[in-house]
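Next come the chains, spelled out residue by residue.
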Amino acid sequence: MLRILRQIGRTGVLTEAPPATDDAALEAAGIELRRTLSSRFRGSFAIRHVDAGSCNGCELEIHALNNPYYDLERFGVHFVASPRHADGLLITGPVSRHMETALRRTWRAMPAPKIAISAGECACTGGMFGVSYASCGRADNVIPIDVRIPGCPPTPTRLLQGILAAIGDQR
Amino acid sequence: MTDRDWLLEYRRRLGEEGVSCSAPDPDTLAPVVRLSLAAQDWRRAAEMAAALGWRWAGIWGDPGPEDCLVRACLVHDDRRVLLETRVPWSEPVLDSHARCYPAADRMERHAQDLLGITFHDHPHGHRWTRHRAWREQDHPLAPDFPVHGHGPKRTPADTNYPFVRIQGSGVYEIPVGPVHAGIIEPGHFRFQAVGEEVLRLETRLGYVHKGIEKIAVGTEPAALARLAGRVSGDSTVVHAWAACQAMERATDHGVPARALHLRALLAERERIANHLGDIGAICNDVGFAFVHMQCARLREQWQRRNHELFGHRLLMDVVAPGGLACDLPADGIDTLRADHQVLRQDVEPIFAIVDDHPSLDDRLLGTGRLSREDARMLGCTGYVAKASGLSFDLRRDQPYPPYDRLRVTVPDLQEGDVASRVRVRMEEIHASLDLLDQLLDTLPPGEVASDLPRPAPDAQGIGLIEGWRGEIMTYVRFDQTGRIARFFPRDPSWFLWPALERLIHDNIVPDFPVCNKSVNGSYSGHDL
Ligand code: SF4
C-alpha cells in the first residue's frame, strides 16, 4: 500500500487544460449540430462506442482519452456499455458490410435525443477502404452522422475537441 | 547439420513415402525454401512435417486464370519451407491440413471463402470469413469478381452459423457481441458454461473483414505500404515493414542501413507502447486501476515523443518502400537516450508492484493456462508462446537486418498463465530498451530513403518480421506492370484466437476479460 501511495504522490496531477474549441475548430470538425439539442447534454454525456470495421488505430486513441492527461470524465463524458444508456454514438472505421446491421441496430436501440459522431478518416470518408464488396464506406452511408472528427487516427486532442463541441461545451 | 541437410532429410522421408517434390528456383522466395508437389501429396507432406515437430505457419492461394497456386508454410526451428501445389479451377479441391495441424483450421476456411477452394476432410468445413455480404458461390479473390461485389444493397445480420452445442443439466450459453461493452473491436463469443465455469468457448470472427486482400490488387508499392500499415493499427510499423521487406526482396533492392536501423527503432517503440498499454489493461481487468493509470501515463509520454520526432503518435506511414518517409532529427538521438533512461526508472516501481502484489497474484497466477503442447500445436508465436515455454523470436532465430548485428534477449517462461504473459511483456520492455540503446549506439549515417526499382513481371517476395504480438509473414507478388497482383499479410492473431478458446477452459466466466486481454489477438489483423 505504501509503495502505491508513494508512487501516486510522486506522479502528481498530470491532467491538462482542455483544448480551446474556437469557431474555426468547430468549422473544421464539420459541425452541423442543432444547438438546442446539444445544450440538453451539457454536463453529462454518455457515449456508446462501436467499432464498425476499424483497423483498431482509432480505438487506441479513444482509449487515450481516459488517460490522466486528457481525463475525459471530468467533462461529464463517459463511455457506457449499452446503447440504451447512451446519448451519443461514437463510430470508428469504415462500416464493414458484416457490421452494417449491428451498427443500425445499435443506433436504433439508443433513446432520443441522440447524436452520432464519426471518428477517424475511415468513418468520415471511407478512408483507404472506401466502398467495396466488404465495406459500406463512410458511416454516413449507414446512419445519419451529426459530427465528424477527421484524422487517421484523430489525436486525443482532436477527439476531445470534437466531442466537447458536439455537446456544446464551449469552455 | 549444414544449412540444407534438414531439407534433404525432409525430402528423403517424403521420398520414402512415395511423395516426390521438386524445388523450383529455390531462392526466389528466400529465406523460405520452396517445395513443389502434386496436389494428392499435400496432406502427406504436412503429416510428415507434423511428425518432425514443425510448426504450421499459414496458407494462402494465388489465383491464376487456369488454376490457383496454393502455398502453405512450415517452420522447423529457424528454417522454413513453403509447400506449393496447383489446384485447377476445373476441380478446386485440396486435402485439408487441419487434421494434423489444428492451426490450419480457420485459415483454410478463409481461403475457401475467398478463393473457392474446398478443403477435403476438413474437421469443420463450414464458412468462416464469409457472413452474408457475398453469396456462397461467389469468391471475392477470383479475378473476375468485381471489387464492388454484387451483394445485396443492405447486408443482413449473420444467421445460422453452426455453433457447436453442448447439452447437459445446468449447461447454459452466453452469446456476446459483435458489439462489446467497451472500446474494443467487434467479434462474437459463444460461451457454454456450468455455474461460473466455462466448458467451451467458440469465437466467431470476420465482422471487420474489409476486403484488404482484394483492394490491394492493382495498387502501387507506396499505397500498399500504407494499406499494410492499416491491417492492424496497433502493429502499423511491423505490418508496413513486412510488406516493404517483401517488396524489397521481390525487387532485390538493398535498403539504406540507416533506414533499417530506424525501422527497428520504430518497431521496438511500437512494442513498448503496446506492452505498456496491455499490462495496464490487464491489471485494470482485475480491478487494479492504479497500474492502468500509471502505464497509460507512460504510454502517453511515449506516443507524444513519437509525434514530436516522427510526426505520428502511432508511427503510421513512417515505413515506406525503399526506406523511411522521414529521418530522425539530429537532436533526436540525445532525446531518445534520455527517454530510455527515464522509462527504465519509471517502470521500476510500477513493475515491482505488479510483480508482487497479493491481489494481482490472486487473480493472475494460474489463470488462463496454455500448455506448451497446445501452444505448439496451435502455431502460437510472440508473448503467448514465450510464456508457454516456446521462446521463438525471428529477431534472434532468423534475424533480418539490423537484428543480425544486435544482441536480442528473448524471455522464456514455462507456466503459460496470465501472470507469465504479463511477465514476458515486462521483460520485453526491458529487452527493447536495451535494443533501442544498441540501435542508437550503432546508428549509421546516410540516407533513409531510396527508390524501389521497377519490379520484374511477376516478381514475388516474402516479408518476415517479428512484431510485438508475434511473427508476421507477408506475401507480395507484382503483376506485369509493377503493380500489386497479390498481397497476403498473415498476422500472428490467426493463432492466438484458437489459443484463447483453449486456455479459457475450466476458468470462470468473470476471468474471460483478463484472459482475453493477456492474449490480445487483433480482430482486424485476422479478419482482413
Ligand atoms: S481512420 Fe486510420 S486509424 Fe482509424 S480505423 Fe481508419 S485507418 Fe485505422
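Topic: the side chain of Arg269 of chain B
Here comes step 1: Note that Arg269 of chain B resides in helix H7 (residues 257–285).
Here comes step 2: Filtering out sequence-adjacent residues up to four positions away, Arg269 of chain B remains in contact with Trp302, Arg305, Asn306, Leu315, Leu336, His340 and Leu436 of chain B.

Points about the side chain of Ser54 of chain A
Here comes step 1: Mapped onto the secondary structure, Ser54 of chain A falls in the loop between strand E1 (45–51) and helix H4 (57–64).
Here comes step 2: With residues near it in sequence (within four places) discarded, Ser54 of chain A still touches Glu59, Thr92, Gly93 and Pro94 of chain A together with Glu185, Val208, Lys210 and Ser524 of chain B.

Some remarks on the packing of aromatic side chains
Residue and element names in this part refer to chain B.
Here comes step 1: Under the counting rule described, the total for this entry stands at 17 aromatic pairs over all chains.
Here comes step 2: Following the ring pairs from residue to residue traces out a cluster consisting of Phe189, Phe191, Trp497, Phe512 and Tyr523.
Here comes step 3: Over the ring of Phe392 we find Arg55, and its NZ or CZ is 4.9 Å from the ring centre.
Here comes step 4: Taking NZ or CZ as reference, Arg269 lies 4.0 Å from the ring centre of Trp302, over its face.

Quick notes on the pairing of strand E13 (residues 460–466) of chain B
Residue and element names in this part refer to chain B.
Here comes step 1: E13 sits mainly inside the fold: 7 of its 7 residues count as buried.
Here comes step 2: Note: E13 against strand E14 (residues 471–478), 7 bridges, orientation antiparallel. Directly across from Leu464, in E14, lies its bridge partner Met473.
Here comes step 3: Hairpin connection between E13 and E14: a loop of 4 residues separates the two successive antiparallel strands, and Gly470 in this loop has a positive phi of roughly 145 degrees.

Here we look at the sheet that holds strand E8 (residues 171–176) of chain B
Residue and element names in this part refer to chain B.
Here comes step 1: Strand order in the open sheet formed by 3 strands is E8-E9-E10, with antiparallel pairing between adjacent strands. Looking along the sheet, the strands with just one partner apiece sit at the ends: E8 and strand E10 (197–204). Within the sheet, the average angular offset between the axes of one strand and its neighbour, ignoring direction, is 20 degrees.

Regarding the layout of surface pockets
It is a probe the size of a water molecule, rolled over the atoms, that shows where empty space is left.
Residue and element names in this part refer to chain B.
Here comes step 1: Here the second largest pocket defines a volume of roughly 470 Å³.
Here comes step 2: What lines the second largest pocket is a set of 24 residues, among which Asp105, Arg106, His124, Glu501 and Arg502 lie closest to the centre.
Here comes step 3: Counting residues per element, the ones that place at least two in the lining of the second largest pocket are helix H3 (105–115), E10 and helix H15 (493–503).
Here comes step 4: It is H15 that provides the largest number of residues to the lining of the second largest pocket, a total of 5 residues.
Here comes step 5: Here the residues of the lining of the second largest pocket sort into 14 nonpolar, 3 polar and 7 charged.
Here comes step 6: Among the domains, domain 1 (3–120) and domain 2 (212–526) are the pair contributing at least three residues each to the lining of the second largest pocket.

Description of unusual backbone geometry
Here comes step 1: Residue Pro113 of chain A is bonded to the preceding Ala112 of chain A through a cis peptide linkage, with omega at -5 degrees.
Here comes step 2: Counting through the fold element by element, Pro113 of chain A comes out in the loop between helix H5 (100–109) and strand E4 (115–119).
Here comes step 3: The omega torsion across Pro401 of chain B and Pro402 of chain B is 5 degrees, close enough to zero to call that bond cis.
Here comes step 4: As for its position among the elements, Pro402 of chain B is in the loop between helix H13 (394–397) and helix H14 (418–441).
Here comes step 5: The phi torsion at Asn56 of chain A lies on the positive side, around 85 degrees, for a residue other than glycine.
Here comes step 6: By the secondary structure assignment, Asn56 of chain A is in the loop between E1 and H4.
Here comes step 7: Its identity is not glycine, yet Leu315 of chain B carries a phi of approximately 70 degrees, on the positive side.

Quick look at the environment of Trp60 of chain B
Here comes step 1: Note that Trp60 of chain B resides in strand E3 (residues 55–63).
Here comes step 2: For the pair formed by Trp60 of chain B and Arg297 of chain B, sequence separation is 237 residues and the distance between their alpha carbons is 41 Å.

With respect to the interface of chain A and chain B
One frequent convention defines the size of an interface as the accessible area lost when the parts assemble.
Here comes step 1: In this complex, chain A contributes 51 residues to the contact, which on the side of chain B involves 66 residues.
Here comes step 2: Summed over both sides, the interface between chain A and chain B buries roughly 4700 Å², with carbon and sulfur atoms accounting for 61% of that surface.
Here comes step 3: Looking at the side of chain A facing chain B, the largest losses of area belong to His98, Met128 and Tyr133 of chain A, adding up to 19% of the total buried there.
Here comes step 4: Connecting chain A to chain B are 3 salt bridges.

Some details on a nonpolar patch on the surface
Here comes step 1: There is a patch of nonpolar side chains on the surface, built from Met1, Leu2, Leu5 and Ile8 of chain A and spanning about 450 Å² of accessible area.
Here comes step 2: One can find Leu5 of chain A in helix H1 (residues 2–11).

Digging into the sheet that holds strand E2 (residues 33–37) of chain B
Residues and elements named next belong to chain B.
Here comes step 1: A sheet is described by the order of its strands in space; here 5 strands give the open sequence E1-E2-E5-E4-E3, paired in mixed fashion. Each edge of the sheet is formed by a strand with only one pairing partner; in this case those strands are strand E1 (21–22) and E3.
Here comes step 2: Direction of pairing for strand E4 (residues 67–76) relative to strand E5 (residues 79–88): antiparallel, over a ladder of 10 bridges. When the sheet's bridge partners are listed, Leu69 is paired in E5 with Arg86.

Describing helix H16 (residues 512–519) of chain B
Residues and elements named next belong to chain B.
Here comes step 1: With 6 of 8 residues buried, H16 is to be regarded as a mostly interior element.
Here comes step 2: For H16, the full list of buried residues reads Phe512, Val514, Cys515, Asn516, Ser518 and Val519.
Here comes step 3: Among the residues trailing H16, Asn520 stands out with phi positive, at a value near 45 degrees.

Considerations on the site of the ligand
Here comes step 1: In the neighbourhood of the ligand, the contacting residues comprise Ser54, Cys55, Gly57, Cys58, Gly120, Glu121, Cys122, Gly151, Cys152 and Pro153 of chain A together with Arg230 and Met316 of chain B.
Here comes step 2: Per-site note: the chains with residues close to the ligand are chains A and B.
Here comes step 3: Elements supplying a minimum of two residues to the shell around the ligand: H4 and helix H6 (121–125) of chain A.
Here comes step 4: Considered class by class, the residues forming the shell around the ligand number 6 nonpolar, 4 polar and 2 charged.

Examining the domain arrangement of chain B
Residue and element names in this part refer to chain B.
Here comes step 1: With domains assigned, chain B is organised as domain 1 (3–120) and domain 2 (212–526).
Here comes step 2: For domain 1 and domain 2, the distance between their C-alpha centroids amounts to 27 Å.
Here comes step 3: The interface is formed by 29 residues belonging to domain 1 together with 27 residues belonging to domain 2.
Here comes step 4: In terms of surface lost to domain 2, no three residues of domain 1 exceed Arg55, Trp60 and Arg106, which account for 26% of the buried area on that side.
Here comes step 5: Our enumeration of links across domain 1 and domain 2 arrives at 4 salt bridges.
Here comes step 6: Arg55 is the partner of Glu471 in a salt bridge, and the nearest nitrogen-oxygen pair spans 2.9 Å.
Here comes step 7: Our enumeration of links across domain 1 and domain 2 arrives at 11 residue pairs in polar contact (both at pLDDT 80 or more).

What counts and how
Residues numbered from 1 in each chain as written. Chains lettered and ligands numbered in written order. Predicted model: local features only at pLDDT ≥ 70, side-chain atom pairs only at ≥ 80, totals over all residues. Heavy atoms only, no water. Helix = DSSP H or I, 4+ residues; strand = E, 2+ residues; numbered from the N terminus. Contact = heavy atoms within 4.5 Å. Phe/Tyr/Trp six-rings, centres within 6.5 Å; stacked < 30°, edge-to-face > 60°. Lys NZ or Arg CZ within 6 Å of the ring centre and 35° of its normal. Buried < 20%, exposed > 50% of the residue type's maximum accessible area, 1.4 Å probe, protein only. Pairing = 2+ DSSP bridges. Axes fitted to C-alpha atoms, helices over the stretch in contact; angles between N-to-C directions. 1 Å grid on protein atoms, 1.4 Å probe; cavity = no way out; pocket = protein on both sides within 12 Å on 5 of 7 lines; lining within 4 Å. Points joined across faces, edges and corners; volume = space filled by probe spheres on them. Nonpolar A, V, L, I, M, F, W, Y, C, P; charged D, E, K, R; others polar. Domains from an automatic or database assignment. Buried area = accessible area lost by both parts, 1.4 Å probe. Salt bridge = Lys/Arg side-chain N within 4 Å of Asp/Glu carboxyl O. Patch = residues over 30% accessible without salt bridge, like charges linked within 9 Å, V, L, I, M, F, W, Y side chains within 5 Å. Areas by Shrake-Rupley, 256 points an atom, 1.4 Å probe, with all protein chains shown as cover. Near = heavy atom within 4 Å. Polar contact = N/O pair within 3.5 Å; in protein donor to acceptor, adjacent residues only side chain to side chain.

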